[in-house]
Amino acid sequence: MGTFDEVMCEERRQRVLSWCLRRQETGFNGRPNKPKDTCYSFWVGSCLKLLGGQDFINKEGNFAFLMTTQDRYMGGFSKWEGYLPDPLHSYFGLSGLYVVSGEVDIHPALNISMRAFRDYQSRCDVPISWD
């Protein structure tokens, strides 16, 4: 798989970056005129990181939104505030927290830790570049 520079011209990269930034409210939505959703903290947050737009993310707003979808008694995250948590939104909610906050170094394209990615690269016969 190639780098962004090989598959996407700068004008298109800027347009995709702009589209992703418009998905941000406090959390992120996946399409215009749709409500924000826990899993898009990962999906859109990762895209922004891959496109070099992570500095434009409202980290505090995203964290505040995700905390409204957290179930404090049962654990986990739901799609929206007031709903029951589920495994998918719990997984992507945590992944989104890590990608957006930058506190844990996550590979945004693979959703694995950079430590795991480097370990995989060291054992793999075929070199992989995602830079």
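Right above here is the structure, for reference.
Since this is a predicted model, take the numbers as computed values, not measurements.

1. Quick word on helix α2 (residues 10-21)
And then number 1: Helix length check: α2 (12 residues) gives 16 Å between terminal C-alpha atoms against 16 Å at 1.5 Å per residue, within 8%.
And then number 2: For α2, the complete set of buried residues consists of R13, L17 and C20. Buried residues in α2, looked at end-on, bunch into an arc of 60°, giving them a common side. The outward face of α2, more than 90 degrees from its buried face, is lined by the exposed residues E11 and R15.
And then number 3: At its buried positions, α2 is contacted by α3 (40-50).

2. Some remarks on the nonpolar core
For soluble globular proteins, the rule of thumb is that nonpolar side chains tend to be buried together.
And then number 1: M8, L17, C20, F28, V44, L48, L51, I57 and V100 together form the largest nonpolar core, which totals nine residues.
And then number 2: Setting aside chain neighbours within four positions, we find C20 in contact with V44, C47, L48 and L51.
And then number 3: Counting residues in each nonpolar core, the second largest holds five residues, with C39, F42, V99 and I106 among its members.

3. Notes on the packing of α3 against helix α5 (residues 87-101)
For any two helices packed against each other, the geometry comes down to the angle between their axes and how far apart the axes lie.
And then number 1: With their axes 8 Å apart at the nearest point, α3 and α5 run at an angle of 25° to one another. By the angle class used here, α3 and α5 are roughly parallel. When the axes of α3 and α5 are compared, the crossing they make is left-handed. Where α3 abuts α5, its residues S41, F42, W43, G45, S46 and K49 lie against F92, S95, G96, V99 and V100.
And then number 2: Residues that form the contact of α3 with α5 fall into these classes: five nonpolar, five polar and one charged.

Here is what the cut-offs are and how they apply
- Residues numbered from 1 in each chain as written.
- Predicted model: local features only at pLDDT ≥ 70, side-chain atom pairs only at ≥ 80, totals over all residues.
- Heavy atoms only, no water.
- Helix = DSSP H or I, 4+ residues; strand = E, 2+ residues; numbered from the N terminus.
- Expected span 1.5 Å × (residues − 1).
- Buried < 20%, exposed > 50% of the residue type's maximum accessible area, 1.4 Å probe, protein only.
- Arc of directions from axis to C-beta.
- Contact = heavy atoms within 4.5 Å.
- Core = buried A, V, L, I, M, F, W, Y, C linked by side-chain atoms within 4.5 Å.
- Axes fitted to C-alpha atoms, helices over the stretch in contact; angles between N-to-C directions.
- Parallel < 35°, antiparallel > 145°, perpendicular 65-115°, else oblique.
- Left-handed = near helix turned anticlockwise from the far one by under 90°.
- Nonpolar A, V, L, I, M, F, W, Y, C, P; charged D, E, K, R; others polar.

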